[in-house]
Amino acid sequence: MNTRAHKVRSSVAVSGTALLLAAAGLGLAPAASAAEPQPPVLAVDTAAPAEVGLAGLPVDFTTKVSNTGTTDASSARLTYRIDGGAGLPPNAVGLEYRLDGTEWKKVPLTYAGGTFSGEMPETFPLAAGRDRTVRLRIGVPMGTPHNGDGNGATERLKLTTLVSYGASGAATDTDDDTIEVDGLGTGLSGVPATATAGGPAVGFQATVANPTASGYENVTDTLITSKYASVQVLRSGTWETLTPVTSDAEADVYGFDVIGKDASLAAHSSTVVKVRVGYREDTPAGKTTLRSCVFVNQGSVPFRGTTFCGNEATLTVLAAGSAGGTPTPAPTAPATRTPSATPAPSASPSASTEAPSATSGTTSGTSGASSRLAETGSNGTSTIAAVAGALVLAGAGALGFVALRRRRTRA
């Protein structure tokens, strides 16, 4: 079971100011007698989720409000502050609640300086000695269905819950929780070291993994390669030839949707697909690269949305008719998530393009998924980065490549 870290509680004593003034001898009026009504004493405890997935679906949690005093509260109020840092856009966080019935309702949030804040629109009475639990759910949607936003990311959210009563809105208790934010992993495993132009296709596996507590919808895992390649995937025992996806801004880059378009991934799940790639007879001899990128909420524009990319795999294309080309697995290099100064995958428009020698497309984990995100090629400029630049210049919006630094492993 996951445990929540960095939980902080603080209470505000209603009579604290009066006690301080009395101790200073400032001539306060006599204290109220025990027979006079005392204000309600409300306490709050939020059981926030341990983690959510960037661009994933919201995760449920609860807030419990208790009236520990002897006076009824006619209207308990809940307010939330969510600090995700300066890296999130204003539409990145969503918060919903269910007070009565089965309908989820939005908590309106305002954004300022990296912090989202809002009050639950409904109040509720709470008798002395009683408590009430409110259901909520929180997410980092990063856009809307088929319109994903990749402009920003965060590693965690600080969620502060405040409870008050009446019209004043002065908090009587607060509760702080930290929610980790993670993302999808994608990668290639078993990529051979060589292939022959015009020869048989070579096989490997593509994996997309969801290590988070969020489910995901509208997921498209894309194999990024060059115009010389053809790609097949094994589905229901039959090899299916995929149609390449291209962008007008980068005609030499081909993408192949290996798990289909707009797939769903359950929380803490993964999908593995068998892939094989062949190269045309006119493919220039030399090194070429393969890379897997997963797009969430990709719309009609290719290679756009909230995006996570795995390591590049490098293989050598041998000249047509070559006696070599026996498929040999490439060496395995462990993958770690690192931020990228120019976050975009690189693909080889030419088979002779040199890829970083230290990067392998295989992983040693059981899922075969890479947790490393976007990076540039050895020349510092990737072909998909050129697509991003063209989209920005055209006013079509930035191509989003997310740079989370690491994925935490939890027991």
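Residues numbered from 1 in each chain as written. Predicted model: local features only at pLDDT ≥ 70, side-chain atom pairs only at ≥ 80, totals over all residues. Heavy atoms only, no water.

Caption draft 1: Fine view of the pattern of salt bridges. As enumerated under the stated definition, the model contains nine salt bridges in all. Among the salt bridges present, the one from Asp60 reaches Arg135, with a minimum N-O distance of 3.2 Å. On the criterion of sequence distance, the pair formed by Asp60 in strand E4 (residues 59-67) and Arg135 in strand E11 (residues 131-139) is long-range, its members being 75 residues apart. Overall, the relative accessible area of 35% leaves Arg135 in the partly exposed class. (Salt bridge = Lys/Arg side-chain N within 4 Å of Asp/Glu carboxyl O. Helix = DSSP H or I, 4+ residues; strand = E, 2+ residues; numbered from the N terminus. Buried < 20%, exposed > 50% of the residue type's maximum accessible area, 1.4 Å probe, protein only.)

Caption draft 2: Structural view of the sheet that holds E4. The strand order E2-E4-E11-E6-E7 describes an open sheet built from five strands, whose pairing is antiparallel. Each of the sheet's edge strands pairs with one partner strand only, and the pair in question is strand E2 (42-47) and strand E7 (105-106). (Pairing = 2+ DSSP bridges.)

Caption draft 3: Here's a closer look at the packing of aromatic side chains. Applying the stated criterion to the full structure yields three aromatic pairs. With a centroid separation of 4.8 Å and an interplanar angle of 50 degrees, the aromatic rings of Tyr111 and Phe116 are classed as tilted. Here Tyr111 falls in the partly exposed class, since its relative accessible area comes to 30%. When the ring of Phe295 is compared with that of Phe303, the centres are 6.2 Å apart and the planes differ by 45 degrees; the resulting orientation is tilted. Accessibility classification places Phe295 together with Phe303 in one group, the buried group. (Phe/Tyr/Trp six-rings, centres within 6.5 Å; stacked < 30°, edge-to-face > 60°.)

Caption draft 4: Region of the structure containing the sheet that holds strand E16 (residues 185-189). Strand order in the open sheet made by the five strands is E16-E18-E25-E20-E21, with antiparallel pairing throughout. The open sheet has two edge strands with one neighbour each: E16 and strand E21 (238-241). Each strand axis lies, on average, 30 degrees off the axis of its neighbour in the sheet, ignoring direction. Pairing geometry for E16 and strand E18 (residues 202-210), over five bridges, is antiparallel. The partner of Ser189 across the bridge, within E18, is Gln205. (Axes fitted to C-alpha atoms, helices over the stretch in contact; angles between N-to-C directions.)

Caption draft 5: Up close: unusual backbone geometry. Phi is positive for Met142, which is not a glycine, with a value near 55 degrees. Of note, Met142 is situated in the loop between E11 and strand E12 (143-144). What makes Met142 buried here is its relative accessible area of 0%. A positive phi angle, close to 65 degrees, is found at His146, a residue other than glycine. Tracing the chain through its elements places His146 in the loop between E12 and strand E13 (147-148).

Caption draft 6: Structural context of the layout of surface pockets. Its boundaries defined by the atoms lining it, the largest pocket holds a volume of some 560 Å³. For the largest pocket, the lining is made up of 25 residues, of which Val93, Gly94, Lys106, Pro141 and Gly143 are closest to its centre. Of all the secondary structure elements, the ones that give two or more residues to the lining of the largest pocket are strand E6 (94-98), E11, E12 and strand E19 (216-226). Looking at the lining of the largest pocket, the element that brings in the most residues is E6, giving three residues. (1 Å grid on protein atoms, 1.4 Å probe; cavity = no way out; pocket = protein on both sides within 12 Å on 5 of 7 lines; lining within 4 Å. Points joined across faces, edges and corners; volume = space filled by probe spheres on them.)

Caption draft 7: Broad picture of the state of the cysteines. This model, assessed by the stated rule, comprises one disulfide. The disulfide bridge from Cys293 ends at Cys309, spanning 2.0 Å between sulfur atoms. Classification of the bridge connecting Cys293 and Cys309 rests on its S-S torsion, roughly 110 degrees, and on that basis the disulfide is right-handed. Highlighted residues: Cys293 in strand E26 (residues 286-296) and Cys309 in strand E27 (residues 306-318), separated in sequence by 16 residues. Of the two residues, Cys293 and Cys309, both sit in the buried class. (Disulfide = S-S within 2.5 Å.)

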